[in-house]
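Spelled out from the first residue to the last, the chains are:
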Amino acid sequence: MRFLVFLFLGLWAVPVSAAPVGAVYTKHCAECHGAERLGGIGPALLPQNLKRLKKKAATAVIRDGREATQMLGFSEVLSEADVEALVAYIYTPLDNVPGWGMDDIAASRIVHTEMSELADAPQHNADPLNLFTVVETGDHHVTILDGDKFEPLWRFKSRFALHGGAKYSPDGRFVYLGSRDGWVSKYDLWSFKPVAEVRAGINMRNIAVSSDGKWIMAGNYLPHTITILNAHDLTPFRVIEAKDKQGNSSRVSAVYNAPPRKSFIAAFKDIKQIWEMSYDPDAAPVYEGFVHNYREGQEEGIITEPQPFARKRIKLDVYLDDFFFDSEYTDVMGASRDGKSAVYNLDARRKVSDLDLDGMPHLGSGIIWDYGGREVMATPHLRGGTISVIDMESWKTIKRIKTMGPGFFMRSHDNTPYAWVDVFFGPNKDKLHVIDKRTLEIVKTITPEPGKTGAHVEFTRDGKYALVSIWDMDGALVVYDAATLEEVKRIPMKKPSGKYNVFNKITYSRGTSH
Ligand code: DHE
């Protein structure tokens, strides 16, 4: 048992511990970061994943918590000596970091239902394109909700700690879910049956589905890889190491599908690059370099990257922790956690503008709408209380809308004049603001349940209703009329987080996440 006493120095109570660091880690950290430091709800804590975090900063994170994550501060329960010991511990290499290659991935695959056994028409009467996939993080379940009647149709146990948006096949029939511990799961929304699962990594970021419906890409924190799966049966197709040409490896920030380009785009936490990987069968070859014959002093031939998924690399001057695309998927707006942000053009393969964004913009949850005859992008900030609205031609910030605290998720729909944003952190976490997209002013502030976090909005396919999560074990989905902004219905759920409308996602609606 851990030995913890409080030394009283005047009015100050200082926790002092004599427990071995392994025991301290097991007691306070293992639940989120994994018993072996390989990650869980929290990221893997290994030296190769902490390259960008100085030891002093790691000490502050353990003591005070990490902004915009679920990491709370431990200064009340851990002594200075414990904190220092933990820092040393997490920067100590593991004797053996498990790999996760093609064979491991293939061996992990579970087939629940053969594709050939699935019904060939929907087995329910709901509109298959107006279903919602709702992730209930409280008890690791998923509810499939009828988006017309707002009634749950199917509830099933998911993998532990799903994270990131649900992704659909292009026809909306199948939903793919990713968990932080690397599982990719496929479900049939016609027959409400699980299809297959596979573990694509040990500690995963997110997944993307190609526009031809043939491929799934998964970006990992551990190992430093990108995994490509056949979407049909989740068999692994290729594992690509996330490395620059100098051999520096990296965690993957995220991977996204870019429909007009028929390619996947990836950004990285530890190398300053974006990669574009095409799945277009007619894609031009990507020349990676020359084979140099040193004895003869000559170039012998050209190396090309293997297609599909040949990597086109774009060099950056910042790390991209978070990024967002314009409607055409030509420009990438990217930001690093330390506040540097810029726009990169995927065709010119260079920076085209800086961005004037401070306070940790959460670009991944940005949305686009028309304002004053051109497109604007709006993003909440994870620090401070602001929504930035950016002109997508000049890349200037045209408005900073003051909010009641840092927001996490933002949503709208082309059929509504309003954009919704939550106040995720701080004393006003129970509030959501409704912004008029025509005036860029907050027109209403809604409190779905006083004292409980209200967050993450998604619209029905026609944009007439907005669904909000009450992020609590004793929580609910609250349905609002998107025009009157009045509550219509409340559906009890266990800490619902994200919800994803099939139609809005497969049409890449400008008001939703992609
Ligand atoms: Fe997320 C999406 C990264 C913390 C809930 N989050 C994403 C995506 C990325 C990301 C890159 C887009 C992936 C996609 O949809 O394909 N999230 C990060 C972080 O870097 C961060 C700040 C730290 C971390 O722990 O990784 C982080 N995220 C959280 C949380 O603490 C949240 C609130 C609770 C949780 O479940 O972990 C959380 N993130 C979500 C949700 C989405 C998401 C619900 C999907 C949003 C959507 O509408 O698509």
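Chains are numbered independently. Their residues run from 1 in the order of the written sequence. Thresholds applied to this predicted model are a pLDDT of at least 70 for local features of residues and 80 or more for the giving and counting of side-chain atom pairs; totals over whole chains, interfaces and linings are not thresholded and use all residues. Only hydrogens and water are removed before side-chain values are computed, so all heavy atoms of the structure are retained for them.

**With respect to the site of the ligand**
Our working definition: Any residue with at least one heavy atom within 4 Å of a molecule or strand is counted as near it. Distance and chemistry together define a polar contact, namely a pair of N or O atoms within 3.5 Å, with one atom able to donate a hydrogen and the other to accept it when in protein, and with adjacent residues in sequence counting only for side-chain atoms on both sides. Each residue is assigned to one class: nonpolar for Ala, Val, Leu, Ile, Met, Phe, Trp, Tyr, Cys and Pro, charged for Asp, Glu, Lys and Arg, and polar for all the others, Gly among them.
Taken together, 23 residues lie around the ligand, and H163, K167, R180, R205 and S513 are the ones closest in. The side chain of H163 places a nitrogen or oxygen atom 2.9 Å from a nitrogen atom of the ligand. In the environment of the ligand, an oxygen atom lies 2.5 Å from a nitrogen or oxygen atom belonging to the side chain of K167. Tallied by class, residues from the shell around the ligand come to nine nonpolar, 10 polar and four charged.

**Quick notes on the domain arrangement of the protein**
Basically, it comes down to this: Source of the domain bounds: an automatic or database domain assignment.
As assigned here, the protein comprises domain 1 (7-90), domain 2 (100-131 + 148-271 + 273-315) and domain 3 (354-514). Between the C-alpha centres of domain 1 and domain 3 there is a distance of 33 Å.

**Focus on the coordination of the iron atom of the ligand**
Each pair of donors in an ideal octahedron of six around a metal sits at 90 or 180 degrees, and each pair in an ideal tetrahedron of four sits at 109.5 degrees. Formally: In this listing, donors mean N, O and S atoms no farther than 2.8 Å from the metal, or 3.2 Å for Na, K and Ca; water is missing from the atoms, so a site can look incomplete. Note on conventions: DSSP H or I runs of at least 4 residues are helices, E runs of at least 2 residues are strands, and numbering of each starts at the N terminus.
You will see that the iron atom of the ligand has only one donor from the protein, H163 (NE2), lying 2.2 Å away. Along the chain, the position of H163 falls in the loop between β6 (151-157) and β7 (167-168).

**Digging into the environment of F323**
Quick note on the threshold: Throughout, exposure labels follow a simple rule: accessible area from a 1.4 Å probe, protein chains only, divided by the maximum for the residue type, with under 20% read as buried, over 50% as exposed, and the rest as partly exposed. In what follows, residue pairs with any heavy atoms lying within 4.5 Å of each other are defined as contacts.
Along the chain, F323 turns up in strand β21 (residues 322-325). Judged by relative accessible area, which is 2%, F323 ranks as buried. Placed 94 residues apart in sequence, F323 and L229 show a C-alpha to C-alpha distance of 23 Å. Excluding its chain neighbours within four sequence positions, the residues that come into contact with F323 are S253, A254, Y256, I265, A266, A267, V332, M333, G334, L363 and G364.

**Brief notes about the layout of surface pockets**
Cut-off, in case you're wondering: A cavity here means a set of points on a 1 Å grid, drawn over the protein atoms and nothing else, where a 1.4 Å probe fits but cannot get out; a pocket is an open set with protein on both sides within 12 Å along at least five of seven lines, and a residue lines either one if it has an atom within 4 Å of a point. Grid points are joined across faces, edges and corners, and a volume is the space filled by probe spheres set on the points.
In this model, the second largest pocket occupies a volume close to 220 Å³. Lining the second largest pocket are 17 residues, with Y168, V209, N257, K505 and Y508 sitting closest to its centre. By residue number, the principal contributor to the lining of the second largest pocket is strand β11 (residues 203-209), which donates three residues. Residue composition of the lining of the second largest pocket, grouped by class: nine nonpolar, six polar and two charged. A domain split of the lining of the second largest pocket shows at least three residues from each of domain 2 (100-131 + 148-271 + 273-315) and domain 3 (354-514).

**As for the sheet that holds strand β25 (residues 367-371)**
Strand pairing in a sheet relies on backbone hydrogen bonds. The paired strands run either parallel or antiparallel. Rule in force here: By this definition, two strands are paired if DSSP reports at least two bridges between them. The axes used here are C-alpha line fits, helices contributing only the stretch in contact, and every angle between their N-to-C directions lies in the interval 0 to 180 degrees.
Taken in spatial order, the four strands line up as β25-β26-β27-β28 in an open sheet, and their pairing is antiparallel. With partners counted over all chains shown, the strands left at the sheet margins are β25 and β28 (397-402), one partner each. Geometrically, the sheet is characterised by an average inter-axis angle of 25 degrees between neighbouring strands, direction not taken into account. Of the pairings in the sheet, the one linking β25 to strand β26 (residues 374-380) comprises five bridges and is antiparallel in character. By the bridge assignment for β26, I368 is matched with M377.

**Notes on the packing of helix α1 (residues 21-28) against helix α4 (residues 80-90)**
We apply this condition: Between 65 and 115 degrees an angle is taken as roughly perpendicular, under 35 as roughly parallel, over 145 as roughly antiparallel, and anywhere else as oblique.
Here α1 crosses α4 at 90 degrees, and the two axes come no closer than 9 Å. Taken together, α1 and α4 sit at an angle that is classed as roughly perpendicular. Taking contact as the criterion, the partners of V21, G22, V24 and Y25 in α1 are, on α4, D82, A85, L86 and Y89.

**Details of the environment of V502**
The residue V502 is located in helix α6 (residues 502-506) in this model. Exposure remark for V502: the relative accessible area of 0% places this residue in the buried category. When the C-alpha positions of V502 and K489 are compared, they lie 20 Å apart, and in sequence the two are 13 residues distant. Those residues in contact with V502 that lie beyond four places of it in its chain are P128, L129, L131, Y168, G172 and L189.

**Remarks on the nonpolar core**
Where we set the bar: By convention a nonpolar core is built from buried Ala, Val, Leu, Ile, Met, Phe, Trp, Tyr and Cys residues, the set being connected through side-chain atoms within 4.5 Å.
Counting 23 residues, the largest nonpolar core has Y176, V184, I207, I216, L229 and L234 as the members making the most contacts within it. Beyond its immediate chain neighbours, meaning those up to four positions away, Y176 contacts A166, K167, Y168, S169, S185, K186, I207, V209, I216, A231 and L234.

**As for α4**
Condition: Here the arc refers to the directions that run from the helix axis out to each C-beta atom.
Taken as a whole, α4 has its buried residues at D82, V83, L86, V87 and I90. Projected onto a plane normal to the axis of α4, the buried residues spread over an arc of 140 degrees and lie on a single side.

**Thoughts on the pairing of strand β24 (residues 350-354)**
Alignment of strand β23 (residues 341-345) against β24, held across four bridges, turns out to be antiparallel. Paired with V343 across the two strands is S353, which belongs to β24. Hairpin connection of β23 to β24: four residues between the antiparallel strands, including R349 at a positive phi of 55 degrees.

**Side note on the sheet that holds strand β13 (residues 225-230)**
Across the sheet, which stays open at both edges, the four strands sit in the order β11-β12-β13-β14 with antiparallel pairing between neighbours. Looking at strand neighbours, the two that pair on one side only are β11 and β14 (236-241), the edges of this open sheet. Going from strand to strand, the sheet's axes swing by 20 degrees on average, the running direction of each strand aside.

**Details of the packing of aromatic side chains**
The test is simple: Centres within 6.5 Å are what make two rings of Phe, Tyr or Trp a pair, Trp counting through its six-membered ring; a difference in plane orientation under 30 degrees is then read as stacked, over 60 as edge-to-face, and the rest as tilted. Charge-over-ring contacts are defined here by two conditions on Lys NZ or Arg CZ: a distance within 6 Å of the ring centre and an angle within 35 degrees of the ring normal.
All told, the structure shown has 24 aromatic pairs when counted by the stated rule. Residues W215 and F237 carry aromatic rings whose centres are separated by 4.6 Å and whose planes lie at 55 degrees to one another, so their mutual orientation is tilted. Residue W215 is located in strand β12 (residues 215-222), and its partner F237 is located in strand β14; the two are separated by 22 residues in the primary sequence. Residue W215 is classed as buried on the basis of its relative accessible area, which comes to 12%. Here the aromatic residues W215, F237, F264, Y279 and F309 are joined through ring pairs into a cluster of three or more. Directly above the ring of Y221 sits R251, whose terminal nitrogen or CZ lies 5.4 Å from the centroid.

**Quick look at the confidence of the model for the protein**
Filter applied, for reference: Residue-level confidence of the predictor, termed pLDDT, takes values from 0 up to 100.
Averaged over all residues, the pLDDT of the protein is 93; the fraction at 70 or higher stands at 94%. Note that pLDDT drops below 50 for residues 1-14; the model gives that stretch 29 contacts with residues more than four away or on any other chain.

**A closer look at the pairing of strand β16 (residues 263-268)**
Within β16, six of the six residues are buried, leaving the element largely enclosed by the surrounding structure. Residues S263, I265 and A267 point to one face of β16 and F264, A266 and F268 to the other, with burial holding for every one of them. Note that strand β15 (residues 252-258) and β16 share six bridges and pair antiparallel. Of the residues in β16, the one forming a bridge with N257 is F264. Note that β16 and strand β17 (residues 273-278) share five bridges and pair antiparallel. In the strand pairing of β17, A267 is matched with I274.

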